[in-house]
Amino acid sequence: MKTSQIKETTDYIETNFPEMAKAFKDVCTEQYELFCRKQVNYGPKNIAVGTDLSIDEDVKLSLTGLWFRMNDKIERLKQLLIFGKKDYVNESIEDSFQDVSNYGIIAQIVSRGKWGK
């Protein structure tokens, strides 16, 4: 998409749906801050599964690990939302959505060869 088209679409959303646009940006900032806090705790090797992600097999392993993590969170959401199960681990629905979102972004970073750099 051309830069002019991107500006046109973002201007449209920000003009016609200002509260939604602001809320989206706020959530993105919160997600980034959560990502940073967790990376300070875990470091990049947890996602890289101890590798340097220099070969395709290592990238595939990392992306598979991310898929498993995302699947765990989706299953958690299914238990809470679909089946109405109680929360016994003090992890809210919003926490699970945050994790799925961040794992998706992390997967894109890994795919682009920028993880841990």
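A quick note: this is a predicted structure, and the numbers were derived from the prediction, not measured.

Caption draft 1: Structural detail: unusual backbone geometry. Backbone geometry places V49, a non-glycine residue, at a positive phi of 50 degrees. Among the structural elements, V49 can be located in the loop between α3 (45-48) and α4 (56-82). Classification of V49 by relative accessible area gives partly exposed; the value is 41%. For N90, which is not a glycine, the phi torsion comes out positive at approximately 60 degrees. Turning to its location among the elements, N90 is positioned in the loop between α4 and α5 (93-111). N90 gets classed as exposed once you look at its relative accessible area, which sits at 71%.

Caption draft 2: Here's a closer look at the nonpolar core. I47, A48, L53, V59, L66, Y103, I106, A107, V110 and W115 together form the largest nonpolar core, which totals 10 residues. Among the secondary structure elements, those contributing two or more residues to this core are α3, α4 and α5. The dominant element in this core, judged by the number of residues it contributes, is α5, at 4 residues. Beyond its immediate chain neighbours, meaning those up to four positions away, A48 contacts L53, S62 and W115.

Caption draft 3: Region of interest: the side chain of N102. Looking at the secondary structure, you find N102 in helix α5. Owing to a relative accessible area of 9%, N102 belongs among the buried residues under this scheme. Separated by 3.2 Å, the side chain of N102 and the backbone oxygen of Q31 make a polar contact. Setting aside residues up to four positions removed in sequence, N102 forms contacts with Q31, L34 and F35.

Caption draft 4: Geometry of helix α2 (residues 18-42). The end-to-end C-alpha distance of α2, which contains 25 residues, comes to 36 Å, matching closely the 36 Å that a straight helix rising 1.5 Å per residue would cover. In the core, the buried residues of α2 are packed alongside α1 (3-16), α3 and α5. Note on α2: the residue one or two positions beyond its end, G43, has a positive phi of about 75 degrees.

Caption draft 5: Region of interest: the layout of surface pockets. Computed from the structure, the largest pocket encloses a volume of approximately 220 Å³. In terms of lining, the largest pocket is formed by L34, F35, K38, Q39, Y42, N46, I47, R69, D99, N102, Y103 and I106. Elements represented by at least two residues in the lining of the largest pocket include exactly α2, α3 and α5. At 5 residues, the largest contribution of residues to the lining of the largest pocket is made by α2. When the residues that make up the lining of the largest pocket are grouped by side-chain class, the tally is 6 nonpolar, 3 polar and 3 charged.

Caption draft 6: Broad picture of α5. For α5, which comprises 19 residues, the first-to-last C-alpha distance of 27 Å matches the rise-based estimate of 27 Å (1.5 Å per residue) to within 8%. If you follow the buried residues of α5, they end up packed against α2, α3 and α4. Just beyond α5, the residue with positive phi is G113, at close to 75 degrees.

Caption draft 7: A look at the packing of α2 against α5. Relative to each other, α2 and α5 sit at 80 degrees, their axes nearing to 10 Å. One element, α2, and the other, α5, form an angle in the roughly perpendicular class. Note on element contacts: α5 touches α2 through Q98, D99, S101, N102 and I106, opposite Q31, L34, F35 and K38. Tallied by class, the residues present in the contact of α2 with α5 amount to 3 nonpolar, 4 polar and 2 charged.

Criteria and cut-off values
- Residues numbered from 1 in each chain as written.
- Predicted model: local features only at pLDDT ≥ 70, side-chain atom pairs only at ≥ 80, totals over all residues.
- Heavy atoms only, no water.
- Helix = DSSP H or I, 4+ residues; strand = E, 2+ residues; numbered from the N terminus.
- Buried < 20%, exposed > 50% of the residue type's maximum accessible area, 1.4 Å probe, protein only.
- Core = buried A, V, L, I, M, F, W, Y, C linked by side-chain atoms within 4.5 Å.
- Contact = heavy atoms within 4.5 Å.
- Polar contact = N/O pair within 3.5 Å; in protein donor to acceptor, adjacent residues only side chain to side chain.
- Expected span 1.5 Å × (residues − 1).
- 1 Å grid on protein atoms, 1.4 Å probe; cavity = no way out; pocket = protein on both sides within 12 Å on 5 of 7 lines; lining within 4 Å.
- Points joined across faces, edges and corners; volume = space filled by probe spheres on them.
- Nonpolar A, V, L, I, M, F, W, Y, C, P; charged D, E, K, R; others polar.
- Axes fitted to C-alpha atoms, helices over the stretch in contact; angles between N-to-C directions.
- Parallel < 35°, antiparallel > 145°, perpendicular 65-115°, else oblique.

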